[in-house]
Amino acid sequence: MEWSSLKRQFILSLVVSTTICALMVAGAWGQTGTTSVRGVVTDKSGASIVAAKVTLTNPQQGSERETNTGSEGEYEFLSLQPGAYLLAIEAP
């Protein structure tokens, strides 16, 4: 085998292995992320409940977030870590 052929094979294998490593790292980044919870609070008749206190708790992570429903009874929690949550709603 010639020296130039060996150099070519070495460079090619270096490029391929670098590409594979880059793809593996990119795949690992895709495994992290956040989620969200959103909804609308209504009573039995279907009317929206304004200014209800909505609490979202994750006992495993020890986190708790609160918000109030909007003018249409809507609420939203953004940028949540994936996990199991408890949702509590309080309204007078």
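The preceding data block contains the structure.
This structure is a prediction, so every number in the text was calculated from the model and none was measured.

A. View of the sheet that holds strand E3 (residues 63–68). The strand order across the open sheet formed by three strands is E3-E2-E5, and the pairing between neighbours is antiparallel. Single-partner strands in this sheet number two, and they are E3 and strand E5 (86–90). Within the sheet, the average angular offset between the axes of one strand and its neighbour, ignoring direction, is 15 degrees. By the bridge criterion, six bridges tie strand E2 (residues 53–58) to E3 in an arrangement that is antiparallel. Along E3, the bridge assignment pairs Lys53 with Asn68.

B. Quick look at the side chain of Thr69. Looking at the element boundaries, Thr69 is found in the loop between E3 and strand E4 (74–80). Within the structure, the side chain of Thr69 is placed 2.9 Å from the backbone nitrogen of Ala51, a separation counted as a polar contact. Contact partners of Thr69, with chain neighbours within four places excluded, come to Val41, Ile49, Val50, Ala51, Ala52, Val54, Glu74 and Tyr75.

Conventions we followed
- Residues numbered from 1 in each chain as written.
- Predicted model: local features only at pLDDT ≥ 70, side-chain atom pairs only at ≥ 80, totals over all residues.
- Heavy atoms only, no water.
- Pairing = 2+ DSSP bridges.
- Helix = DSSP H or I, 4+ residues; strand = E, 2+ residues; numbered from the N terminus.
- Axes fitted to C-alpha atoms, helices over the stretch in contact; angles between N-to-C directions.
- Polar contact = N/O pair within 3.5 Å; in protein donor to acceptor, adjacent residues only side chain to side chain.
- Contact = heavy atoms within 4.5 Å.

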